[in-house]
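# Coordinate analysis (summary)
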Amino acid sequence: MTTRDARSAERSTVKGNGAGRVLPPAGPQRVLALAQLSNSVGDGAYYVTSALYFTHVVGLSAERVGLGLTVAWAIGSLVGVPLGRLADRRGPRGIAVLLALATATAVASFLLVRGFLPFVLAACVYASAQSGLGAARQALLASLIPAGARTGLLAHLQSTLNAGLAVGAGLGGLALHAGTRSAYLGVFALDAVSFLVCAGLLWRLPSVEPAWVDRPAGRVGRVGRVGRVGRVGRVGRVGKSPRDGRDGRSGRGSERGAAAGVLCDRPYVLVTFLNTVLLLRMPLLSLGIPLWITERTEAPVWLVSALFVLNTGAVMVFQVRMARGVTGLVTATRSIRRSGLVMLASCMVFALSSGVSPWIAAAVLVAGAVLQVVAEMQHSAGSWQLAFDLAPADRMGEYQGFFGTGVTVARTMGPLVLTALLVGWGTPGWLLLGGLMLGASYAMGPATRWAASRSPEQPGGAGQQEGTDRERSEGTRREGAQDRREGGAGRGTGGTRVRLASAGVAAAQGAEC
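Residues numbered from 1 in each chain as written. Predicted model: local features only at pLDDT ≥ 70, side-chain atom pairs only at ≥ 80, totals over all residues. Heavy atoms only, no water.

### Quick notes on the overall build of the protein chain
What counts is decided by this rule: Strands here are runs of E lasting at least two residues and helices are runs of H or I lasting at least four, both read from the DSSP assignment and numbered beginning at the N terminus. For every residue, the accessible area (1.4 Å probe, protein chains only) is compared with the maximum for its type, and the residue is labelled buried under 20%, exposed over 50%, or partly exposed between those bounds. The criterion used for residue contact is that any of the two residues' heavy atoms lie within 4.5 Å. Per-residue and other accessible areas follow the Shrake-Rupley method at a 1.4 Å probe size, with only the shown protein chains counted as cover for residues.
In terms of regular secondary structure, the protein chain is built from 17 helices and four strands. Expressed as a percentage of its 513 residues, the buried residues of the protein chain come to 52%. Put simply, 80% of the contacts in the protein chain that link residues at least 6 apart link residues at least 24 apart. Of the accessible surface of the protein chain, which amounts to about 21900 Å², a share of 63% is contributed by carbon and sulfur atoms.

Here it is as structure tokens:
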């Protein structure tokens with residue numbers, strides 16, 4: 001991707017953000033969004049029908065289904081990092097396409113499952129491919145989209161995801177209404193086809209070279225193609241390999257660091273842990289609130305569905321606007337702190353819904369759900385920015401794979417934590433949950449500063465400097481735009497020059513193609 005392409009992508013994404021559309025402007029952004037939309041439609045149908053399919057059609061017990069899925073996602077969380085590292089080494093586009101095809105194959109294999117062991121094996125392939133696909137797509141996005149435009153694009157992708165899940169859930173509801181074996185099989189076939197379409201769309205994206213890092217100079221670049229030398233491979237590394245030990249430093253230390261990977265980056269590990277705590281909100285809408293409504297309040301049961309629709313619709317409409325102000329580490333941590341405060345307020349409001357009349361409880365629950373989705377969008381925008389800005393450009397897939405394990409851990413541990421706090425403890429449990437979210441959100445600031453204080457030669461150091469420069473240039477760009485509106489032609493021109501320079505700096509890690 002050239003610097004000129006990066007500038008165009010950043011300008012078009014800014015315009016798309018202003019418009020607040022679900023789909024971003026044409027180009028790689030649009031293709032990534034369409035790929036997200038295609039597989040999210042299939043996933044939406046799968047999510048609402050899979051449990052009943054495996055229990056009613058396949059004949060597995062609910063306990064075995066839960067055990068199999070827990071094992072599968074635990075394995076998926078472990079393989080996400082090595083699959084992300086593979087995307088860094090072999091190129092994210094090809095690995096993403098292969099993992100999308102593997103996901104389609106796993107979903108199609110569910111059609112043939114007739115016992116517990118085949119179910120667990122298919123589920124493990126499905127969860128592993130999904131985890132790796134997420135890491136590879138994030139690395140692909142980081143390579144194709146300039147740094148200043150990534151959070152805005154991720155907001156578009158989140159809106160697209162919710163739209164696709166809503167459509168898929170509607171199709172899955174039709175299958176549930178029919179209740180026949182053929183209807184369930186049709187849903188799984190739809191999900192498999194959706195990932196085939198996703199693979200085809202990802203293949204349309206520009207090819208991205210594998211990443212490399214020149215440790216001695218502290219510079220990040222890309223693998224370059226070299227001429228053939230006899231029967232040697234087509235691709236060679238430019239600069240020293242971090243594993244060769246010939247860079248003037250200890251070879252053994254370099255090898256140990258490369259082998260351990262992201263786990264040696266303690267600041268990033270801490271940021272990921274705090275983000276995992278904040279992600280405990282994920283099972284809240286699907287498990288915590290439904291159990292709270294049925295066990296602790298007098299509100300009508302149908303409110304569970306209404307709150308889900310409220311959350312999905314709000315994210316579709318407002319996520320892009322909510323992410324517009326997040327442009328670097330400072331604004332990202334500020335957004336996460338605000339999300340912690342709003343989440344605490346949401347938990348306090350939810351706690352008030354117990355012991356009141358049904359319609360008062362319903363009104364209180366709606367108010368709590370509104371605060372909860374605001375906190376969700378603020379946290380999402382901030383966490384996306386941190387995940388990219390604190391990761392080294394040459395190991396983006398590996399780092400995004402590790403950061404993404406927070407989602408799996410939250411989905412695995414969240415049901416246990418929320419059931420114990422909300423159903424077991426009641427109102428004190430809500431307050432404890434809100435306090436936990438607030439504490440994690442405020443701890444994110446010091447953790448981010450620790451990660452940002454690393455030198456450029458350390459993982460993430462270059463990314464942090466890039467993020468800081470981007471925030472400064474973004475402020476200058478806004479000042480220039482204000483000057484142009486006020487008729488200051490000379491100063492406005494300077495603002496334009498800064499904006500283009502910012503785009504060029506932000507695209508530097510993907511411009512050496």
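### Quick notes on the side chain of T405
The following threshold applies: The term polar contact refers here to a pair of N or O atoms within 3.5 Å; inside protein, the definition further demands a hydrogen-donor-capable atom paired with an acceptor-capable atom, and it admits residues adjacent in sequence only when both atoms are side-chain atoms.
If you trace the backbone, T405 turns up in helix 14 (residues 396-425). In this structure the side chain of T405 is engaged in a polar contact, spanning 2.5 Å, whose partner is the backbone oxygen of F402.

### Considering the packing of aromatic side chains
In plain terms, the rule: Two rings belonging to Phe, Tyr or Trp (six-membered ring only in the last case) form a pair when the distance between their centres is within 6.5 Å. Interplanar angles under 30 degrees mark stacking, angles over 60 mark edge-to-face geometry, and anything in between is tilted.
By the definition in use, this model includes 19 aromatic pairs. When the centroid spacing of 6.0 Å and the interplanar angle of 80° are considered together, the rings of F110 and F188 count as edge-to-face. Taken together, the residues span a long stretch of sequence, with F110 in the loop between helix 4 (92-109) and helix 5 (116-144) and F188 in helix 7 (residues 181-203) at a distance of 78 residues. Judged by its relative accessible area of 1%, F110 falls in the buried class. Centre to centre, the rings of F350 and W430 are 5.0 Å apart; their planes meet at 25°, and the pair counts as stacked.

### Observations regarding the packing of helix 3 (residues 62-90) against helix 4
Where we set the bar: Throughout, an axis means a line fitted to C-alpha atoms (over the contacting stretch in the case of helices), and angles, computed between N-to-C directions, take values from 0 to 180 degrees. The labels follow the angle: roughly parallel below 35 degrees, roughly antiparallel above 145, roughly perpendicular from 65 to 115, and oblique for the rest. Throughout, the ten residues Ala, Val, Leu, Ile, Met, Phe, Trp, Tyr, Cys and Pro are labelled nonpolar, Asp, Glu, Lys and Arg are labelled charged, and all others, Gly among them, are labelled polar.
Contact geometry of helix 3 with helix 4 gives a least axis separation of 7 Å together with a crossing angle of 135°. Classified by the angle their axes make, helix 3 and helix 4 are oblique. The residues of helix 4 that touch helix 3, namely those facing L83, L86, A87 and R90, are P92, I95 and L99. Residues that form the contact of helix 3 with helix 4 fall into these classes: six nonpolar, no polar and one charged.

### Examining helix 15 (residues 427-452)
Keep this limit in mind: One fewer than the residue count of a helix, multiplied by 1.5 Å, yields its expected span. Fitting axes to the seven residues ending at a residue and to the seven starting there, one defines the bend at that residue as the angle between these axes.
Taking 1.5 Å of rise per residue, the 26 residues of helix 15 would be expected to cover 38 Å, and the 38 Å separating its terminal C-alpha atoms lies within 8% of that figure. Its maximal kink placed at M444, helix 15 deviates by approximately 30°, while the proline P446 follows within four residues.

### Brief notes about the pattern of salt bridges
Note the threshold: Here a salt bridge means any side-chain nitrogen of Lys or Arg lying within 4 Å of a carboxyl oxygen belonging to Asp or Glu.
In the structure shown here, the tally under the stated rule is two salt bridges. With its nearest N and O atoms 3.0 Å apart, the salt bridge here joins R85 to E398. Of this pair, R85 sits in helix 3 while E398 sits in helix 14, and the two are 313 residues apart along the sequence. Both residues of the pair, R85 and E398, belong to the buried class.

### A word on the packing of helix 9 (residues 266-278) against helix 14
The geometry of a pair of packed helices is captured by two quantities: the angle between their axes and the separation between those axes. The line we're drawing: Two helices that cross are described as forming a left-handed crossing if the nearer one is turned anticlockwise from the farther one by less than a right angle, and a right-handed crossing if clockwise.
Interaxial distance between helix 9 and helix 14 falls to 9 Å at its minimum, and their mutual angle equals 30°. Between helix 9 and helix 14, the interaxial angle falls into the category roughly parallel. Taken as a pair, helix 9 and helix 14 cross one another with a handedness that is right-handed. Between helix 9, through Y268, V269, V271, T272, N275 and T276, and helix 14, the contact on the second element is made entirely by Y399, Q400, F402, F403, G406, V409 and A410. Split into classes, the residues belonging to the contact of helix 9 with helix 14 amount to eight nonpolar, five polar and no charged.

### Topic: the nonpolar core
So the rule is basically this: We call a set of buried Ala, Val, Leu, Ile, Met, Phe, Trp, Tyr and Cys residues a nonpolar core when their side-chain atoms join them within 4.5 Å.
The biggest cluster of nonpolar side chains holds 86 residues, and the ones touching the most others in it are L32, L202, Y268, W430 and L433. Of all the elements, helix 13 (residues 358-389) adds the most residues to this core, at ten residues. When sequence neighbours within four positions are dropped, the list of residues in contact with L32 reads L140, L141, I145, L153, L157, L202 and L205.

### Points about helix 2 (residues 28-57)
The end-to-end C-alpha separation of helix 2 is 40 Å, in line with the 44 Å expected for 30 residues at 1.5 Å each. At T49, helix 2 is bent by approximately 50°, the largest bend along its length. Two residues or fewer past helix 2, G59 is found with a positive phi of approximately 95°.

### Notes on a nonpolar patch on the surface
Note the cut-off: Nonpolar side chains (Val, Leu, Ile, Met, Phe, Trp, Tyr) within 5 Å and like charges within 9 Å form the patches, drawn only from residues with over 30% relative accessible area and no salt bridge.
Among the surface-exposed residues, L98, L101, V193, L196 and V197 lie close enough to one another that they form a single nonpolar patch of about 420 Å² accessible area. At the level of elements, helix 4 and helix 7 are the ones that each hand at least two residues to the nonpolar patch. With three residues, helix 7 is the single largest residue contributor to the nonpolar patch. Following the sequence through the fold, V197 ends up in helix 7.

### A word on the confidence of the model for the protein chain
Condition: For every residue, the predictor assigns a confidence score, pLDDT, that lies between 0 and 100.
Within the protein chain, residue pLDDT values average 76, and 74% of them lie at 70 or more. Looking over the protein chain, one finds the lowest element-wise mean pLDDT in helix 17 (residues 489-506), namely 34, and the highest in helix 12 (residues 329-351), namely 96. Within the model, the stretch residues 1-20 combines pLDDT values under 50 with 41 contacts to residues more than four positions away or in other chains. Low pLDDT, under 50, characterises residues 481-513; the stretch is placed with 46 contacts to residues that sit more than four places away or in other chains.

### Topic: the environment of G76
Structurally, G76 is set in helix 3. The sequence separation of G76 and C124 amounts to 48 residues, and the corresponding C-alpha distance is 6.8 Å. Ignoring sequence-local partners within four residues, the contact set of G76 consists of A127, S128 and S131.

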